[in-house]
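What follows is each chain in one-letter form.
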Amino acid sequence: YRDLHTFELQAPTRLIEWARGSRVCVAGYGQSDGNEILQLIPPPALLTKETRGLCPERDFKVECGGFSEHPVYSLKYVPDTSLLVTSGPRDSSLQVWQVSAEDSDVIKSVSPIATENGTGQSWAKIATISARAPWVLHGSRLDRVQVTEVESRKNVYTAASGGSEELSGLAFLDCNTLLLCCTPGQLCLADIRQPQGLVEAMSVPLAPCSEQWCMGTRNGTQGLELSSQPVARLSSRGLLALTDLRKTSEFLALAKARVPSPGSGAEFLCISWAPALEGCLAISGFDGTVHVYNTQSWDSSGREAEPIFVHKGHAFGGAGGSGDPPLVTVHTWHLQKPRTLLSAASDGSLHVWDWVQPCGKC
């Protein structure tokens, strides 16, 4: 490691989201009432553009917080605002939060965004953008996808689809183009200027029916051509697929990650592109580790890929609340520091780490 910071949260978290001023937002996912939502100030070393040696203060600090009656399974900061949007089990509604001003340490709940036929549906996956106005893209199933203006609650777009597959993720590619990933692995493109159209990309071949998939798109690429945004998908048995959205009839690459198969589903699967390292991505959700891969040498053979770095810090942190070894629930990349990642685990541990650059790699 070049650097490693740790912070112990009061409860397990499955969310890490960058907010204004390089703040970090996290939230709990327990089933009881009173799940914390916190905005943390990172250690000073993470706020500088260059590494400046040892810093006397190495911990995160809680800047403000609040409590959610719902378990929080998804959290997104709304760009250019002081708002957060969250979702979680019980229904597919969204909760909107106001991060208070500097003279207050409270994150306040404001009126929720209700969804049609939300009762009985699984929790909504969400994405946000502020290209025209603060919008939230949300939905639990392919036929329940909507874009809503956060402040006015006005419906901007409702997708038309004959399918009802459960969604594992969704994203804004730009202010007009949406990308949806279904749990069985299909990708769908939608254009909010054409409410009646959904374009289905190819499924991953030879995938068992029980396979579950998630996707990762490049952060901070809104406004770029689709060719600049390869999509990565990760399956519950560690298969990795890279797709060029201009040519969905074939894959850019297929590979197999060196990870164990999950024992109890794939709810914590996570895959993300490095925003400042060409061709590098990270995966987690199988055990107490985070794997980093360089995809530039991958082909379509589906062979096992060798990670360039494995973060094992959570695996040695002790047992989770159930007595089982800690499971990494989420990870994300620092937006400016190329090899710095944040990761959280089921034991409440939050890690920030930066590995030494191998010669000739990433």
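Residues numbered from 1 in each chain as written. Predicted model: local features only at pLDDT ≥ 70, side-chain atom pairs only at ≥ 80, totals over all residues. Heavy atoms only, no water.

### Brief notes about the sheet that holds strand 19 (residues 231-235)
Cut-off, in case you're wondering: Strand pairing follows a simple DSSP-based rule, namely that at least 2 bridges must link the two strands. Secondary structure elements are taken from DSSP: a helix is a run of H or I of four residues or more, a strand is a run of E of two residues or more, and numbering for both begins at the N terminus. Helix axes are fitted only over the stretch in contact, all axes being lines through C-alpha atoms; the angle between N-to-C directions runs from 0 to 180 degrees.
Within the open sheet, the 4 strands sit side by side as 18-19-20-21. Their pairing is antiparallel. The sheet terminates laterally at strand 18 (213-216) and strand 21 (253-256), the two strands that pair on one side only. Taking each pair of neighbouring strands and ignoring which way they run, the sheet shows an average axis angle of 20°. Pairing geometry for strand 19 and strand 20 (residues 239-243), over 4 bridges, is antiparallel. Looking across to strand 20, one finds that Arg233 is bridged to Ala241.

### Some details on the pairing of strand 26 (residues 328-333)
Put simply, the rule is: Only protein chains enter the area calculation, which uses a 1.4 Å probe; residues under 20% of their type maximum are buried, those over 50% are exposed, and those in between are partly exposed.
Taken across its 6 residues, strand 26 has 6 buried, putting it largely inside the fold. Alignment of strand 26 against strand 27 (residues 340-345), held across 5 bridges, turns out to be antiparallel. If you follow Trp333 over to strand 27, its bridge partner there is Leu341. Where strand 26 folds back onto strand 27 in an antiparallel hairpin, the turn is made up of 6 residues.

### Here we look at the sheet that holds strand 11 (residues 135-139)
One open sheet accounts for 4 strands, arranged 10-11-12-13; its pairing is antiparallel. Lying at the two open borders of the sheet, with one neighbouring strand each, are strand 10 (125-129) and strand 13 (155-158). Across the sheet, the axes of successive neighbouring strands diverge by a mean angle of 20°, strand direction being ignored. Bridge count for strand 12 (residues 146-149) against strand 13 is 3 bridges, and the pairing is antiparallel. Within strand 13, the position partnered with Val147 by the bridge is Tyr157.

### Let's talk about unusual backbone geometry
At Asp80, a residue that is not glycine, the phi angle is positive and equals roughly 65°. Following the sequence through the fold, Asp80 ends up in the loop between strand 6 (74-77) and strand 7 (83-87). The class for Asp80 is exposed, based on a relative accessible area of 71%. For Arg153, which is not a glycine, the phi torsion comes out positive at approximately 65°. For Arg153, a relative accessible area of 27% translates into the label partly exposed.

### Observations regarding the confidence of the model for the chain
Applied cut-off: Predictor confidence is given residue by residue as pLDDT, running from a minimum of 0 to a maximum of 100. Here, residues are in contact when the closest pair of their heavy atoms is within 4.5 Å.
Averaged over every residue, the pLDDT of the chain is 85; the share at 70 or more is 84%. Taken as a whole, residues 220-224 scores under 50 in pLDDT and shows 10 contacts with residues more than four places along the chain or in a different chain.

### Description of the packing of aromatic side chains
Each aromatic ring pair is summarised here by two numbers: the centre-to-centre distance and the angle between the ring planes. The cut-off we apply is this: Two aromatic rings from Phe, Tyr or Trp, using only the six-membered ring of Trp, form a pair when their centres are within 6.5 Å; if the ring planes differ by under 30 degrees the pair is stacked, by over 60 it is edge-to-face, and anything between is tilted. Charge-over-ring placement is defined geometrically: NZ (Lys) or CZ (Arg) within 6 Å of the ring centre, and within 35 degrees of the ring normal.
Per the counting criterion, the structure on display carries 10 aromatic pairs. Ring geometry for Tyr1 and Phe309: centres 5.3 Å apart, planes at 80°, overall edge-to-face. Residue Tyr1 is found in the segment before strand 1 (3-8), and its partner Phe309 is found in strand 25 (residues 309-311); the two are separated by 308 residues along the sequence. Judged by its relative accessible area of 43%, Tyr1 is partly exposed. We note Arg14 situated over the ring of Tyr73; from NZ or CZ to the ring centre the distance is 4.2 Å. The ring of Trp123 carries the charged tip of Lys125 above its face, separated from the ring centre by 4.1 Å.

### Section: the environment of Ser284
Keep this limit in mind: By the criterion applied in these results, polar contacts are pairs of N or O atoms within 3.5 Å in which, for protein atoms, one can donate a hydrogen and the other can accept it, and in which residues neighboring in sequence qualify only through two side-chain atoms.
As for its placement among the helices and strands, Ser284 is situated in strand 23 (residues 280-284). Taking the C-alpha atoms as reference points, Ser284 and Cys270, 14 residues apart in sequence, are found 5.3 Å from one another. Look past the residues within four positions of Ser284 in its chain and what remains in contact with it is Leu234, Phe268, Leu269, Cys270, Thr289, Val290, Val328, Val330 and His331. A polar contact of 2.7 Å, which involves the side chain of Ser284, links it to the side chain of His331.

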